[in-house]
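Below are the chains, spelled out letter by letter.
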Amino acid sequence: MIVKTKKYKIDPDVYVKISFVNALKQWWWVWFIPPAIFLIFLAFGLWGWGLGVAITLSGLYLLFWYIQFKGLTMHEKSKPLFDKYAYDINSKRIMMMVDAKRGSEIKWDKIIKVEKREDAFVLYMSKFEFLYFPFTIFKSENEIKFVETVIRRKGYLNTEIKK
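Starting afresh in each chain, residues are numbered from 1 along the sequence in its written order. Since the coordinates come from a predicted model, pLDDT governs what is reported: local features require at least 70, and pairs of side-chain atoms require 80 or more to be given and counted, while whole-chain, interface and lining totals use all residues. Computation of side-chain values: all heavy atoms of the structure, hydrogens and water removed.

Time to look at the pairing of strand β4 (residues 103-107). The rule for pairing is simple: two strands pair if DSSP sees at least two bridges between them. Each helix is a run of DSSP H or I of at least 4 residues and each strand a run of E of at least 2, with the numbering of both proceeding from the N terminus. Summarising the sheet, strand β3 (residues 93-97) and β4 pair through 5 bridges and their orientation is antiparallel. When the sheet's bridge partners are listed, Met97 is paired in β4 with Gly103. Between β3 and β4, which pair antiparallel one after the other, the connecting turn spans 5 residues.

Structure representation (structure tokens):
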């Protein structure tokens with residue numbers, strides 16, 4: 001069976017949100033640096049300076065990643081990421097279709113992780129490269145179940161639903 005989805009264009013804000021959260025999860029250990037700096041300043045009795053430096057570094061870190069992903073959505077070379085595509089999904093591959101005749105094949109072995117959310121599947125191909133399939137692009141509930149079954153058989157799908 002092949003599931004043919006409706007054409008879909010990922011919203012840049014959804015891309016930024018998913019990528020931003022994923023970056024913060026990937027580099028969780030960075031959050032230990034500001035408290036360590038605060039403790040160093042505290043050892044010298046400069047708690048005010050330490051607090052200021054720790055908060056500033058935390059804010060700059062968040063701002064850095066937000067600007068990276070927001071900037072990507074505005075860059076001319078990344079415009080194809082946010083074009084409308086239809087997808088043909090089966091147990092062998094995912095076809096990203098520009099139109100009825102032109103498309104790009106994505107093999108299932110390129111997928112490293114899959115999340116099922118309340119309203120979508122997120123198929124990760126790298127830390128910040130992913131396919132976002134909201135359930136609204138599928139034509140029926142059976143198609144969603146089929147895609148979920150294929151994902152489970154491939155061994156990717158987590159058991160809990162993310163919010």
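Additional details are given in the paragraphs that follow.
Counting residues in each nonpolar core, the largest one holds 43 residues, and the members touching the most others are Phe133 and Phe138. Mapped by element, the contributors of at least two residues to this core are α1 (12-26), α3 (47-74), β2 (86-89), β3, β6 (120-124), β7 (130-134) and α4 (141-154). Counting residues per element, this core draws most heavily on α1, which supplies 6 residues. Any pair of residues with heavy atoms lying within 4.5 Å of one another is described as a contacting pair. Those residues in contact with Phe133 that lie beyond four places of it in its chain are Tyr87, Ile89, Ile94, Asp119, Ala120, Phe121, Leu123 and Phe138. Definition used in this section: a nonpolar core is a set of buried Ala, Val, Leu, Ile, Met, Phe, Trp, Tyr and Cys residues joined via side-chain atoms within 4.5 Å. Here's how the labels work: a residue is buried when its accessible area is under 20% of the maximum for its type, exposed when over 50%, partly exposed in between, all with a 1.4 Å probe on protein chains only.

Bringing the packing of helix α2 (residues 33-43) against α3 into the picture now. For helices, the fitted line uses only the C-alpha atoms of the stretch in contact; every axis is such a line through C-alpha atoms, and the angle between N-to-C directions lies from 0 to 180 degrees. Look at α2 against α3: their axes get within 8 Å of each other, and the N-to-C directions meet at 165°. Viewed along their axes, α2 and α3 adopt a mutual orientation that is roughly antiparallel. In the packing of α2 onto α3, the handedness of the crossing is right-handed. Here α2 contributes Pro34, Ile37, Phe38, Phe41 and Leu42 to the contact with α3, which in turn contributes Trp47, Trp49, Gly50, Leu51, Val53, Ala54, Leu57 and Ser58. Split by residue class, the contact of α2 with α3 holds 11 nonpolar, 2 polar and no charged. Reported orientations rely on four angle classes, namely roughly parallel under 35 degrees, roughly antiparallel over 145, roughly perpendicular from 65 to 115, and oblique for the rest. Throughout, a crossing is termed right-handed when the near helix is turned clockwise from the far one, and left-handed when it is turned anticlockwise from it by less than a right angle. Each residue gets one of three labels, nonpolar for Ala, Val, Leu, Ile, Met, Phe, Trp, Tyr, Cys and Pro, charged for Asp, Glu, Lys and Arg, and polar for the others, Gly among them.

Turning our eyes to something else, we now look at the environment of Ala36. Counting through the fold element by element, Ala36 comes out in helix α2. Linking Ala36 and Ala54, residues 18 residues apart in sequence, is a C-alpha distance of 8.5 Å.

Let's shift gears to a positive patch on the surface. A contiguous patch of positive charge on the surface is contributed by Lys7, Lys9, Lys79 and Lys84. Relative to the elements of secondary structure, Lys84 occurs in the loop between α3 and β2. Candidates for patches are residues over 30% relative accessible area with no salt bridge; among them, like charges are joined within 9 Å and nonpolar side chains (Val, Leu, Ile, Met, Phe, Trp, Tyr) within 5 Å. Computed with a 1.4 Å probe, the accessible areas rest on the Shrake-Rupley method; for each residue, only the protein chains presented here act as cover. Salt bridge, as used here, is a side-chain nitrogen of Lys or Arg placed within 4 Å of a carboxyl oxygen of Asp or Glu. We count Lys and Arg on the positive side and Asp and Glu on the negative side, and we leave His and both chain ends out. Just so you know, the charge point we use is NZ for Lys, CZ for Arg, CG for Asp and CD for Glu.

Here the focus is the packing of aromatic side chains. The way to describe two aromatic rings as a pair is by their centre distance and the angle between their planes. Two aromatic rings, drawn from Phe, Tyr or Trp (for Trp, its six-membered ring), form a pair once their centres lie within 6.5 Å of each other, and the interplanar angle then sorts them: stacked below 30 degrees, edge-to-face above 60, tilted otherwise. Summed over all chains, the structure comprises 19 aromatic pairs. Residues Trp27 and Phe128 carry aromatic rings whose centres are separated by 5.9 Å and whose planes lie at 35° to one another, so their mutual orientation is tilted. One end of the pair, Trp27, is in the loop between α1 and α2; the other, Phe128, is in the loop between β6 and β7, with 101 residues separating them in the sequence. Taken together, a centroid distance of 5.6 Å and an interplanar angle of 20° make the contact between Trp65 and Phe69 stacked. With a gap of 4 residues between them, Trp65 and Phe69 both fall in helix α3, about one helical turn apart. Take Phe69: its relative accessible area is 5%, and that puts it in the buried class. The rings of Tyr15, Trp27, Phe64, Trp65, Phe69, Phe82, Tyr124, Phe128 and Phe130 are connected pair by pair, giving a single aromatic cluster. Across the ring face of Tyr124, the terminal group of Lys113 is positioned such that the distance to the ring centre comes to 4.7 Å. We call a charge positioned over a ring when the NZ of a Lys or the CZ of an Arg lies within 6 Å of the ring centre and within 35 degrees of the ring normal.

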